[in-house]
Amino acid sequence: AHLAHRAASYGAALGSFVCSAAAASEAVAQAEGSPLAVSLIVPSVDGVADALAAGTQLDNLSVVGVEVPLEDHDPAGVASQVRADGPTIFVEVSASRVTDGIADRLKRMGLFLKLRTGGMRASAFPSEPDLSAAIAVCVASELPFKCTAGLHHAVRHRDPLTGLKHHGFLNVLAAVAAGRTGGAPAVRQAIGEQDGSVIAAQIRTLTVDQLSAARAIFRSFGTCSIADPLADLAALGLAADPGDPA
């Protein structure tokens, strides 16, 4: 399905395929000979080097990223396992634990940040203050980050089935852009906004250079749905209607 999406008219919106390191060989088999760029999810810092080595042994597989939880490890332990010209390493840190000190250490070691923004239970969703604070730190330090889980839709909302409040990926983009000039208060305001027309208007005011600068910090978000994000952008007038990318 990922390869079909990549070949579609909206394919440029997609990044790499994200899968566990253990499932990489199965992903290659499913690709049936087509080149596949992947970001490997590695369960622990100690497994990064082995996962990268295994990835190089698979034909048609290009490992462009690695995602690993930092937990109580030193970022230097992650950086030491990767060549300077190797894949991008996203180190997962809870939003509530992101500080200026952590951001500075990650940046000095050439590591990027991964923020978990949702999941199957309420505790997986960071609060507005925690997510806003983490993003403000990234903006101030110019530390690139990605988000994972919970961002199927563009704008912050409450899921009618679960009752959980989801963050919006467009809120995150607007927060980064606003934070570059307005600091932490502007980030907090953008993260909490639930009116799609307001967020869309903020995005429309940005120049190409401003958008590029924001995307240099907010690199991507992981999602198992392609249809929902694209449909939301189309409904807000920010992208062409993708049709039915099921």
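It should be emphasised that the depicted structure is a prediction, and the values quoted were computed from it without experimental measurement. (Residues numbered from 1 in each chain as written. Predicted model: local features only at pLDDT ≥ 70, side-chain atom pairs only at ≥ 80, totals over all residues. Heavy atoms only, no water.)

S.K.: So what exactly am I meant to see when it comes to the nonpolar core here?
M.R.: Across soluble globular proteins, nonpolar side chains show a tendency to be buried alongside one another. If you look at the biggest cluster of nonpolar residues, it comprises 64 residues, and the most contacted ones within it are V91, L113, L115, I135, F145 and L170. Here the element with the most residues in this core is helix α7 (residues 169–192); it accounts for 11 residues. When neighbours within four sequence positions are excluded, F145 is seen to be in contact with F90, L113, L115, I135, C138, V172, V176, I217, F218, R219 and S220. (Core = buried A, V, L, I, M, F, W, Y, C linked by side-chain atoms within 4.5 Å. Buried < 20%, exposed > 50% of the residue type's maximum accessible area, 1.4 Å probe, protein only. Helix = DSSP H or I, 4+ residues; strand = E, 2+ residues; numbered from the N terminus. Contact = heavy atoms within 4.5 Å.)

S.K.: Just to check I follow, could you spell out the packing of α7 against helix α9 (residues 208–217) for this structure?
M.R.: Each packed pair of helices is defined by two parameters, the angle between the axes and the distance between the axes. Packing of α7 against α9 brings their axes to within 9 Å, and their N-to-C directions diverge by 110 degrees. Taken together, the axis directions place α7 and α9 in an arrangement best described as roughly perpendicular. For the crossing formed where α7 meets α9, the hand is right-handed. Listed contacts from α9 to L173, V176, A177 and R180 of α7 are L211, A213, A214, R215 and I217. (Axes fitted to C-alpha atoms, helices over the stretch in contact; angles between N-to-C directions. Parallel < 35°, antiparallel > 145°, perpendicular 65-115°, else oblique. Left-handed = near helix turned anticlockwise from the far one by under 90°.)

S.K.: Whenever I open this one, the packing of aromatic side chains confuses me. Can you help?
M.R.: For the structure on display, the rule yields three aromatic pairs. When the ring of F145 is compared with that of F218, the centres are 5.4 Å apart and the planes differ by 20 degrees; the resulting orientation is stacked. On the criterion of sequence distance, the pair formed by F145 in strand β6 (residues 145–148) and F218 in strand β9 (residues 218–222) is long-range, its members being 73 residues apart. Overall, the relative accessible area of 0% leaves F145 in the buried class. Each ring, one from F169 and one from F221, has its centre 4.6 Å from the other, and the planes form 15 degrees; the classification is stacked. Linking F169 in helix α7 with F221 in strand β9, this pair joins segments that are 52 residues apart in sequence. (Phe/Tyr/Trp six-rings, centres within 6.5 Å; stacked < 30°, edge-to-face > 60°.)

S.K.: Explanation requested: the sheet that holds strand β5 (residues 112–116) in the structure shown.
M.R.: Hydrogen bonding along the main chain pairs the strands of a sheet, whether they run parallel or antiparallel. A sheet is described by the order of its strands in space; here seven strands give the open sequence β1-β2-β3-β4-β5-β6-β9, paired in parallel fashion. Pairing within the sheet leaves two strands with one partner each, and these edge strands are β1 (17–20) and β9. In this sheet, neighbouring strand axes are inclined to one another by 30 degrees on average, regardless of whether the strands run parallel or antiparallel. Where strand β3 (residues 61–69) lies against strand β4 (residues 88–92), five bridges are found, and the strand directions are parallel. Paired with P69 across the strands is E92, a residue of β4. Sheet strands in contact with α9 are β6 and β9, and its direction is about 60 degrees off that of β9. (Pairing = 2+ DSSP bridges.)

S.K.: Please explain helix α8 (residues 196–204) as it appears in this structure.
M.R.: For an α-helix, the turn length of 3.6 residues means that residues three or four places apart are oriented alike. Within α8, the full set of buried residues consists of G196, I199, A200 and I203. Taken end-on, α8 shows its buried residues confined to a sector of 100 degrees, consistent with a single buried face. On its buried face, α8 sits against α7 and α9. (Arc of directions from axis to C-beta.)

S.K.: Explain the layout of surface pockets to me, please; I cannot follow it from the model alone.
M.R.: The probe, sized like a water molecule, is rolled over the atoms to show the empty space still left. Approximately 220 Å³ is the volume found for the second largest pocket. Looking at the second largest pocket, it is lined by 15 residues, and the ones nearest its centre are S94, R116, S123, A124 and F125. Considered class by class, the residues forming the lining of the second largest pocket number six nonpolar, five polar and four charged. (1 Å grid on protein atoms, 1.4 Å probe; cavity = no way out; pocket = protein on both sides within 12 Å on 5 of 7 lines; lining within 4 Å. Points joined across faces, edges and corners; volume = space filled by probe spheres on them. Nonpolar A, V, L, I, M, F, W, Y, C, P; charged D, E, K, R; others polar.)

S.K.: I'm lost on the side chain of T117 in this one. Help?
M.R.: Examined against the element boundaries, T117 turns out to sit in the loop between β5 and α6 (128–141). Owing to a relative accessible area of 0%, T117 belongs among the buried residues under this scheme. Looking at T117, its side chain comes within polar contact range of the main-chain oxygen of A149, at 2.6 Å. Those residues in contact with T117 that sit more than four places away from it in its chain are A124, F125, P126, L131, C147, T148, A149, G150, L151 and H167. (Polar contact = N/O pair within 3.5 Å; in protein donor to acceptor, adjacent residues only side chain to side chain.)

S.K.: Just to check I follow, could you spell out unusual backbone geometry for this structure?
M.R.: Residues apart from glycine generally show negative phi values, whereas peptide bonds are mostly found in trans. For E71, which is not glycine, the phi torsion reads 50 degrees and is therefore positive. With phi around 55 degrees, E142 is a residue other than glycine that occupies positive phi space. Judged by relative accessible area, E142 falls into the exposed class, the value being 52%.

S.K.: What is the right way to read the pairing of β6 from this model?
M.R.: Sheet faces and side chains relate simply in a regular strand, where the side chains alternate between the two faces. Where burial is concerned, the two faces of β6 agree: the one with F145 and C147 and the one with K146 and T148 are both buried. Looking at chain direction, β5 and β6 are connected through four bridges and run parallel. Residue pairing across strands places K114 opposite K146, the latter belonging to β6. Regarding the hand of the β-α-β motif, the stretch spanning β5, α6 and β6 is right-handed. Bridging between β6 and β9 involves four bridges; their strand directions are parallel. Paired with T148 across the strands is G222, a residue of β9. (Right-handed = clockwise from strand over helix to strand, strands pointing away.)

Scope: geometric values only; no functional claims are made or implied.
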